Each structure stands twice: as structure tokens, then as C-alpha cells.
Amino acid sequence: MDNSDTLFGRKDTVARPRKITTSAPKKVRKQRIDKKHDIKIQLSAADKVLLKQEARKHNLKLTPFLEMLVKQELSKSHQYDNSFFYDRSGSFVHVKLAGVFFEMIQSMSDEMDLTYREVVHRIIKTYIQRISGIKINSWGGRP
């Protein structure tokens, strides 16, 4: 019997060492300069309809209108009332903010001890109160 034969008649073969492939380190992608941060807030159906009507007056869809609205409100100096309650029962709308404006929301969030959503919600509710002339109760409803 030959040393190269095995029990089943196969010959022993020596495994060749695997080639170790070294790939170049992956490049870290740069973050876009014009990246926007998406903030979703919930609004009641009546508020959403009112904002859609305002957006139509400016020939915009709702999301770009809300972006423009929040940017304008942040550029002005307003005191936002603490009486607005963030109601979690409405439908979602999106506000997409560029980096500078998102940083302003972050700093306001830290000062007011609120979440980003609640800060943007207060800004939009203040605007709704101003354009509609209707006093909004502390629980978010209208009298």
C-alpha cells in the first residue's frame, strides 16, 4: 500500500495556503454641505388644512412652506409661549432644515429643555395663532 493512498483510495493533498488579499482602506464619505435635517411633528387636521392653504398662497407644497416658515421665524426674535402642548394624536408633517437653522433649533431645545419636535411645534403653533387670530388653549385645542 502506497503512503499517498487513503482508506477510500484518494490521495492526500496538501492544502495550499490561501492568498491574503489586502484591500485599500475604505474612504470615509464626506458629509454633504447642504444636508438637511428632517424633523417630523404632529399637527391636528385643522392646523394642517390651515397651513396647506397658506402654502398654496405662496405656491408651495406643505414641507417647503414649513421650512420657509421656520427659517423666517428663527431669523426674527420671538418669545415662544410655554402654553402650547405637543399633541401626539395628529398627523405628521415634515420640516427639513439646513445645518445652521438646525443648530438654532438645537440651542433653543437646550435652553427650553424641550425636544426638537416640541420646539418646532411651538414655532409653528405661534405662527398659526398669529395668522388665524384665534387664541389656542394650553392643551392645543381651540376654544
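The model shown is predicted, which means the values in this text are computed figures rather than measured ones.

Participant: It is not clear to me how the pattern of salt bridges should be interpreted in this structure. Could you clarify?
Facilitator: It is possible for side chains bearing opposite charge to pair when their charged atoms get close. Overall, the coordinates contain six salt bridges when judged by the stated rule. The partner of Glu-67 in a salt bridge is Lys-36, and the shortest N-O contact between them spans 3.0 Å. Note that Glu-67 is positioned in helix H2 (residues 62–75) and Lys-36 in strand S1 (residues 36–43), a separation of 31 residues in sequence. Glu-67 sits in the buried class, given a relative accessible area of 12%. Judged by its relative accessible area of 41%, Lys-36 falls in the partly exposed class. One salt bridge in this structure joins Arg-130 and Glu-73, with 2.5 Å as the shortest N-O distance. Of this pair, Arg-130 sits in helix H4 (residues 116–132) while Glu-73 sits in helix H2, and the two are 57 residues apart along the sequence. Judged by relative accessible area, Arg-130 falls into the partly exposed class, the value being 41%. In this structure Glu-73 comes out as buried when scored by relative accessible area, which is 2%. When salt bridges with common partners are traced through the structure, they connect Lys-36, Glu-67 and Lys-71 into a single cluster.

Participant: Looking at this structure, how should I read the nonpolar core?
Facilitator: One finds Ile-41, Leu-51, Leu-66, Val-70, Ile-105, Val-120 and Ile-124 to be the most contacted residues of the largest nonpolar core, which totals 26 residues. Those elements that place two or more of their residues in this core are S1, helix H1 (45–57), H2, strand S2 (91–98), helix H3 (99–112) and H4. Contacts of Val-120, omitting those with residues within four sequence positions, involve Ile-39, Ile-41, Val-70, Val-95 and Ile-105.

Participant: Looking at this structure, I do not really get unusual backbone geometry. What am I missing?
Facilitator: Leave glycine aside and you will find that most residues have negative phi; peptide bonds, for their part, are mostly trans. The phi dihedral of Asn-59 falls on the positive side, at around 60°, and the residue is not glycine. Positionally, Asn-59 belongs in the loop between H1 and H2. On the accessibility criterion, Asn-59 (70% relative accessible area) is exposed. Even without being a glycine, Asp-113 presents a positive backbone phi close to 60°.

Participant: Explain the environment of Lys-36 to me, please; I cannot follow it from the model alone.
Facilitator: Linking Lys-36 and Val-100, residues 64 residues apart in sequence, is a C-alpha distance of 9.7 Å. Those residues within four positions of Lys-36 in sequence are excluded, and the remaining contacts are Glu-67, Lys-96, Leu-97 and Ala-98.

Participant: I tried to follow the side chain of Gln-42 on my own but got confused; where do I start?
Facilitator: Structurally, the position occupied by Gln-42 is in strand S1. By relative accessible area, Gln-42 is classed as buried at 10%. A polar contact is formed between the side chain of Gln-42 and the backbone oxygen of Gly-90, at a distance of 3.3 Å. Discounting chain neighbours no more than four positions away, the residues touching Gln-42 are Tyr-86, Asp-87, Arg-88, Ser-89, Gly-90, Ser-91, Phe-92 and His-121.

Participant: Before we go on, may I ask you to explain the packing of H1 against H4 in this structure?
Facilitator: Pairs of packed helices are described in terms of their axes, by the angle between the two and the distance that separates them. Between H1 and H4, the shortest axis-to-axis distance is 11 Å and the interhelical angle comes to 70°. Accordingly, the angle class assigned to the pair H1 and H4 is roughly perpendicular. Residues Asp-47, Leu-50, Leu-51 and Glu-54 of H1 form the contact with H4, whose own contacting residues are Ile-124, Lys-125, Tyr-127, Ile-128, Ile-131 and Ser-132.

Participant: Would you mind showing me how to read the packing of aromatic side chains here?
Facilitator: Scanning the entire structure with this criterion turns up two aromatic pairs. Residues Phe-65 and Tyr-127 carry aromatic rings whose centres are separated by 6.3 Å and whose planes lie at 65° to one another, so their mutual orientation is edge-to-face. Of this pair, Phe-65 sits in helix H2 while Tyr-127 is found in helix H4, placing the two residues 62 residues apart along the sequence. Given a relative accessible area of 1%, Phe-65 falls into the buried group. Residues Phe-102 and Tyr-116 carry aromatic rings whose centres are separated by 5.1 Å and whose planes lie at 70° to one another, so their mutual orientation is edge-to-face. Placement of Phe-102 in helix H3 and of Tyr-116 in helix H4 is noted, with a sequence separation of 14 residues between them. Judged by its relative accessible area of 10%, Phe-102 is buried. Owing to a relative accessible area of 34%, Tyr-116 belongs among the partly exposed residues under this scheme. Its end group placed over the ring of Phe-92, Lys-40 keeps NZ or CZ at 4.6 Å from the ring centre.

About the thresholds
- Residues numbered from 1 in each chain as written.
- Predicted model: local features only at pLDDT ≥ 70, side-chain atom pairs only at ≥ 80, totals over all residues.
- Heavy atoms only, no water.
- Salt bridge = Lys/Arg side-chain N within 4 Å of Asp/Glu carboxyl O.
- Helix = DSSP H or I, 4+ residues; strand = E, 2+ residues; numbered from the N terminus.
- Buried < 20%, exposed > 50% of the residue type's maximum accessible area, 1.4 Å probe, protein only.
- Core = buried A, V, L, I, M, F, W, Y, C linked by side-chain atoms within 4.5 Å.
- Contact = heavy atoms within 4.5 Å.
- Polar contact = N/O pair within 3.5 Å; in protein donor to acceptor, adjacent residues only side chain to side chain.
- Axes fitted to C-alpha atoms, helices over the stretch in contact; angles between N-to-C directions.
- Parallel < 35°, antiparallel > 145°, perpendicular 65-115°, else oblique.
- Phe/Tyr/Trp six-rings, centres within 6.5 Å; stacked < 30°, edge-to-face > 60°.
- Lys NZ or Arg CZ within 6 Å of the ring centre and 35° of its normal.

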